[in-house]
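# An overview of the molecular structure
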Amino acid sequence: MAEFGPALLDTDAWSRLIAGKKDHDPRMQQWRRLLEGRPIHIAAQTRGEVLFGAAAARWGVRRTSALKASLEQAGVIYPSAAVVDAWARLRADCLHLGHALHHKEHMGDAWIAATAMAFEMPLLSADRIFAGVPGLELLAEP
């Protein structure tokens, strides 16, 4: 198996691949191939979104503890000065380009993208909002 650098998963990709979200997304096989041999990370934003979903659904202690353990296995990247700086640059670049990622409703996605950019990791996502973001590498098959 070839070794590759780490990859960042957005919330939806993490939920489908790691948390075992029950659906039959045809992209799953492709995503597994793309991630083979790569350490997997998530942004703090993803951890927050996932834990919010569990709390909003009123999950019990046992299920929430298992979820937290799964989140920790992914390697959570918390905001640093580099992430904050990348977020500011990203939003400004997107504003000037007219890219929707600068809008308030996409702030969570902007934090995830900034995390990937600050740590120079490709992002695995099916969310179209990330297409065309300057300086963001998306993980995709050639």
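Numbers given to residues run from 1 along each chain, matching the order in which its sequence is written. Per-residue local features are limited, in this predicted model, to residues with pLDDT of at least 70; the limit for side-chain atom pairs, both in listing and counting, is 80 or more; totals at the level of whole chains, interfaces and linings are taken over all residues. The side-chain quantities take in all heavy atoms of the structure and omit both hydrogens and water.

Here we come to the overall build of the chain. Looking only at helices and strands, the chain features six helices and four strands. Put simply, DSSP marks the helices as runs of H or I at least four residues long and the strands as runs of E at least two long, and each gets a number from the N terminus on. Start at the N end of the chain and walk to the C end: the helices and strands fall as β-α-α-β-α-α-β-α-α-β. Throughout, the radius of gyration refers to the C-alpha atoms, and the reference size of a globule is 2.2 Å times the residue count to the power 0.38. Whereas a compact globule of 142 residues would reach a radius of gyration of roughly 14 Å, the chain reaches 15 Å, a difference of no more than 12%. Reported as C-alpha extents along the three principal axes, the dimensions of the chain are approximately 45 × 35 × 30 Å. In what follows, a contact means two residues having at least one pair of non-hydrogen atoms within 4.5 Å. For the chain, the proportion of contacts with a sequence separation of at least 24, taken over those separated by at least 6, is 67%. Only the protein chains shown count as covering a residue, and every accessible area follows the Shrake-Rupley method with a 1.4 Å probe. Summing over all exposed atoms, the chain offers an accessible surface of approximately 8200 Å²; the carbon and sulfur share of this is 56%. Under the convention used here, Asp and Glu are negative, Lys and Arg are positive, and both His and the chain ends fall outside the count. By convention, the charge on Lys lies at NZ, on Arg at CZ, on Asp at CG and on Glu at CD. For the chain, the distance from the average position of its 16 positive side-chain charges to the average position of its 16 negative side-chain charges is 9 Å.

Turning our eyes to something else, we now look at the layout of surface pockets. Cavity and pocket criteria rest on a 1 Å grid covering protein atoms alone: a 1.4 Å probe that fits but cannot get out defines a cavity, protein on both sides within 12 Å along at least 5 of 7 lines defines an open pocket, and an atom within 4 Å of a point defines a lining residue. Grid points are joined across faces, edges and corners, and a volume is the space filled by probe spheres set on the points. In this structure, the largest pocket encloses a volume near 340 Å³. Taken together, 15 residues line the largest pocket, and the ones lying closest to its centre are Trp14, Ala19, Val50, Trp59 and Leu67. Secondary structure elements with two or more residues in the lining of the largest pocket: helix H1 (11–17), helix H3 (44–56) and helix H4 (61–74).

To continue, consider the nonpolar core. Definition of nonpolar core: a set of buried residues of the types Ala, Val, Leu, Ile, Met, Phe, Trp, Tyr and Cys, connected through side-chain atoms within 4.5 Å. For each residue, the accessible area found with a 1.4 Å probe, counting protein chains only, is set against the maximum for its type, and the residue is called buried under 20%, exposed over 50%, and partly exposed in between. Ranked by size, the top nonpolar core spans 21 residues in total, and within it Leu8, Leu90, Leu101, Leu123, Phe130 and Leu136 carry the most contacts. Among the secondary structure elements, those contributing two or more residues to this core are helix H5 (81–97) and helix H6 (107–118). In terms of nonpolar packing, the next biggest core, distinct from the first, is built from 19 residues, Leu9, Trp31, Leu34 and Ala44 among them.

Another point: the packing of aromatic side chains. Between the rings of Phe, Tyr and Trp (Trp by its six-membered ring), a pair exists once the centres lie within 6.5 Å; its type follows the angle of the planes, with under 30 degrees stacked, over 60 edge-to-face, and the other angles tilted. Counted by the stated rule, this structure contains one aromatic pair. Here the aromatic rings of Trp87 and Trp111 are separated by 4.6 Å at their centres, their planes lie at 5°, and the arrangement is stacked. Pair noted here: Trp87 is in helix H5 and Trp111 is in helix H6, with a separation of 24 residues, a long-range link. On the basis of relative accessible area, Trp111 is assigned to the partly exposed category, the value being 23%. Above the face of the Trp59 ring, Arg63 is positioned so that its terminal group lies 3.8 Å from the ring centre. We call a charge positioned over a ring when the NZ of a Lys or the CZ of an Arg lies within 6 Å of the ring centre and within 35 degrees of the ring normal.

One can find Thr46 in helix H3. Ignoring anything within four residues of it in the chain, the contact list for Thr46 reads Leu9, Asp10, Thr11, Trp14 and Ile112.

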